[in-house]
Amino acid sequence: MKGIAVLGATGSVGVNTLDVAARHPDRYRVVALGAHRNVDGLLKQIEQFRPSHAALTDPAAAQILERHVQAQGLPTRVLGGPESLETLATLPDVDQVMAAVVGGAGLRSTLAAARAGKRLLLANKESLVMSGPLLMAAVHASGCELLPIDSEHNAIFQCLPPGAKAGHAPEGVRRILLTASGGPFREWSAEAIAAATPEQACKHPNWVMGRKISVDSASLMNKGLELIEACFMFGMPPTRVEILVHPQSVIHSMVEYVDGSVLAQLACPDMRTPIAYGMAWPERIAAGTDFLDLIRTRQLDFVAPDTTRFPCLALARAVADTGGLAPAILNAANEVAVTAFLERRLNFPDIPAVIECVLSRAPGGEIRSLDDVLQADAQARDLAQEFCRTRGAALKAIHA
Ligand SMILES: NC(=O)c1ccc[n+]([C@@H]2O[C@H](COP(=O)([O-])OP(=O)(O)OC[C@H]3O[C@@H](n4cnc5c(N)ncnc54)[C@H](OP(=O)(O)O)[C@@H]3O)[C@@H](O)[C@H]2O)c1
């Protein structure tokens, strides 16, 4: 029986994780559930799974949750505040931590799980992008098992030679072929993309996901973040990670070997497959997904990504080459710009414009400590906010 903590429990990955856990009550006990401020969503999950601990990082929301939990006589201790997810991640009864908070907000709890030597199921790619060298050092120091949950990295992990170690270039591997669906704007003209709304950006053709990652998929920044994630996770330089647009999302990524072999992992696009793989590894368990019907799929297409219509990908590749604090700066600027786009304060093409501007003005440098990362993140967010305000005011004037 493995104890599991789900951080970001109320989100898309969190809900899918609990779905898999509920299918295997003989194998998994949900010990802890954490989220930001969704009281109703977390309360329902507490009623179903009766964890020993639950947390909301928003203190006021945590107080409301605690009142409900007490009124119902549920056996759950409720924690609140920004550090509460770190407490959940390091509880003695927790064997596995699903790191599924969205964005840089997941950094500290992901690091805490790695430092505590838990099995780390990493969906929160932003934490690895921001602090790759620190997170990988924590994984190596504690002996933590790092298992990728992003479907692409999970696919790569499944195709690597047995015994491949996180952060070390695997023997005999020539390249990683990272597939991208191309997102909802894959076939749109630059003019149409310029007028895209948040609703259109969040309507992914193959996956149902949270709003931030949906916008990242539409801009191809998600693939850029995944490129950086792959370099840290598999110890590969950016030059050995190729990105292929594969609109069917059936092949989730591939590994090319020096002998010319290419191994691929195929599955229906359903996050429960990589989640179940990570939870049960090295065993396999049922995930509740549909099974692939290749006769109905018929065709698998591949094209090169277009970095003219999708400049975020080129920005991320440049940052992957630079390294140091540059990925943290890119990530912070992207988070601010995506929020502004979702709140209709920016147009879609302003997202790469904000990031480019922040990258050119933020100091960058080496990562020596977590403080370096947090400082670069805060500075980049301030710069990005400033750019969003100026750009937003200009947009308002145009529409007035
Ligand atoms: N969705 C997918 O299919 C998918 C696939 C691959 C990788 N990922 C990665 O998985 C992560 C989660 O994605 P998602 O799509 O599941 O996101 P989502 O549906 O937006 O859910 C986000 C979760 O994070 C919590 N959260 C938000 N802000 C927080 C904060 N400041 N502090 C603590 N918790 C916070 C939310 O809690 P509240 O509900 O209380 O706000 C919610 O539980 C992302 O890093 C994403 O890139 C997702």
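Given the structure is predicted, the values throughout are model-derived calculations rather than measurements. (Residues numbered from 1 in each chain as written. Predicted model: local features only at pLDDT ≥ 70, side-chain atom pairs only at ≥ 80, totals over all residues. Heavy atoms only, no water.)

## Remarks on the domain arrangement of the protein chain
Then, in step 1: Segmenting the protein chain into domains produces domain 1 (2–148), domain 2 (150–317) and domain 3 (323–400).
Then, in step 2: The C-alpha-based centres of domain 1 and domain 3 are spaced at 28 Å.
Then, in step 3: On the domain 3 side, the residues contacting the 11 residues of domain 1 number 11 residues.
Then, in step 4: Counting the contacts that link domain 1 with domain 3 gives zero salt bridges. (Domains from an automatic or database assignment. Contact = heavy atoms within 4.5 Å. Salt bridge = Lys/Arg side-chain N within 4 Å of Asp/Glu carboxyl O.)

## Considering the sheet that holds strand β5 (residues 96–99)
Then, in step 1: Taken in spatial order, the seven strands of this open sheet run β4-β3-β2-β1-β5-β6-β7, and their pairing is parallel. Across the chains shown, the open sheet's two edge strands, defined by having one partner strand only, are β4 (77–80) and β7 (146–148). Each strand axis lies, on average, 20° off the axis of its neighbour in the sheet, ignoring direction.
Then, in step 2: The sheet contact formed by strand β6 (residues 119–122) and β7 spans three bridges and is parallel. Within β7, the residue paired with Leu121 across the bridge is Leu147. (Pairing = 2+ DSSP bridges. Helix = DSSP H or I, 4+ residues; strand = E, 2+ residues; numbered from the N terminus. Axes fitted to C-alpha atoms, helices over the stretch in contact; angles between N-to-C directions.)

## Regarding a nonpolar patch on the surface
Then, in step 1: On the surface, Leu266, Leu292, Leu294, Leu300 and Phe302 cluster together to form a nonpolar patch covering roughly 380 Å² of accessible area.
Then, in step 2: Structurally, the position occupied by Leu300 is in the loop between α13 (294–297) and α14 (311–322). (Patch = residues over 30% accessible without salt bridge, like charges linked within 9 Å, V, L, I, M, F, W, Y side chains within 5 Å. Areas by Shrake-Rupley, 256 points an atom, 1.4 Å probe, with all protein chains shown as cover.)

## A closer look at the sheet that holds strand β9 (residues 241–245)
Then, in step 1: The four strands lie next to each other as β9-β8-β10-β11, forming an open sheet whose pairing is mixed. Strand pairing shows two members of the sheet lacking a second neighbour, β9 and β11 (262–266), which therefore form its edges. Neighbour to neighbour, the strand axes of the sheet diverge by 20° on average, direction disregarded.
Then, in step 2: As judged from the five bridges shared by strand β10 (residues 251–257) and β11, these two strands associate in the antiparallel manner. Within β11, the residue paired with Val255 across the bridge is Leu263.
Then, in step 3: Packing against the sheet, helix α11 (residues 221–234) makes contact with β8 (173–180) and β9, and its axis sits at approximately 150° to β8.

## Section: the pattern of salt bridges
Then, in step 1: For the structure shown, the criterion picks out 24 salt bridges.
Then, in step 2: Between Lys223 and Glu152 there is a salt bridge, and its shortest N-O distance comes to 2.9 Å. Residue Lys223 is located in helix α11, and its partner Glu152 is located in helix α7 (residues 151–159); the two are separated by 71 residues in the primary sequence.
Then, in step 3: Residue classification places Glu152 among the buried positions, given a relative accessible area of 9%.
Then, in step 4: As a salt-bridge pair, Arg368 and Asp372 come within 3.5 Å of each other at their nearest N and O atoms.
Then, in step 5: Counted as one network, the salt bridges with shared partners bring together Lys125, Asp150, Glu152, Lys223 and Glu226. (Buried < 20%, exposed > 50% of the residue type's maximum accessible area, 1.4 Å probe, protein only.)

## Here we look at the packing of aromatic side chains
Then, in step 1: If you walk through the whole model with that rule in mind, you get five aromatic pairs.
Then, in step 2: Relative to Trp281, the ring of Phe157 has its centre 5.9 Å away and its plane inclined at 65°; by these criteria the two rings are edge-to-face. Here Phe157, found in helix α7, pairs with Trp281, found in the loop between α12 (272–280) and α13; they are 124 residues apart in sequence, far enough to count as distant.
Then, in step 3: The buried category is assigned to Phe157, whose relative accessible area is 17%.
Then, in step 4: With relative accessibility at 28%, the residue Trp281 sits in the partly exposed group.
Then, in step 5: Both rings, one in Phe185 and one in Trp188, keep their centres 4.4 Å apart while their planes meet at 40°; by these two values the pair is tilted. (Phe/Tyr/Trp six-rings, centres within 6.5 Å; stacked < 30°, edge-to-face > 60°.)

## Regarding the site of the ligand
Then, in step 1: The full set close to the ligand counts 25 residues, and Thr10, Ser12, Arg37, Asn38 and Glu126 are the nearest of them.
Then, in step 2: Contacts to the ligand include Arg37, whose backbone N or O atom sits 2.7 Å from an oxygen atom.
Then, in step 3: Contacts to the ligand include Glu126, whose side-chain N or O atom sits 2.6 Å from an oxygen atom.
Then, in step 4: Calculation on the ligand without its partners gives an accessible area of 890 Å², and the protein chains cover 86% of this total.
Then, in step 5: Those elements that place two or more of their residues in the shell around the ligand are α1 (12–23) and α6 (125–142).
Then, in step 6: Counting the residues that make up the shell around the ligand, at least three belong to each of domain 1 (2–148) and domain 2 (150–317). (Near = heavy atom within 4 Å. Polar contact = N/O pair within 3.5 Å; in protein donor to acceptor, adjacent residues only side chain to side chain.)

## Side note on the packing of helix α2 (residues 39–49) against helix α3 (residues 59–71)
Then, in step 1: As a packed pair, α2 and α3 sit with axes 10 Å apart at the nearest point and diverge in direction by 35°. Considering only the axes of α2 and α3, their crossing is right-handed. Here Val39, Leu42, Leu43 and Ile46 of α2 come into contact with α3, specifically with Ala61, Ile64, Leu65, His68 and Val69.
Then, in step 2: Across the contact of α2 with α3, the residue classes break down as eight nonpolar, one polar and no charged. (Left-handed = near helix turned anticlockwise from the far one by under 90°. Nonpolar A, V, L, I, M, F, W, Y, C, P; charged D, E, K, R; others polar.)

## A look at α7
Then, in step 1: Of all nine residues that make up α7, nine are buried, and the element is covered over most of its length.
Then, in step 2: Taken residue by residue, α7 has Ser151, Glu152, His153, Asn154, Ala155, Ile156, Phe157, Gln158 and Cys159 as its buried positions.
Then, in step 3: On its buried face, α7 sits against β7, β8, α11, β10, β11 and α12.

## Here's the deal with the pairing of β5
Then, in step 1: Here β5 shows no split at all, with Gln96 and Met98 on one side and Val97 and Ala99 on the other all buried.
Then, in step 2: In the sheet, β5 pairs with β6 via four bridges, with the strands oriented parallel. Along β6, the bridge assignment pairs Gln96 with Arg119.
Then, in step 3: Each parallel crossover has a hand, and for β5 linked through helix α5 (residues 107–115) to β6 it is right-handed. (Right-handed = clockwise from strand over helix to strand, strands pointing away.)

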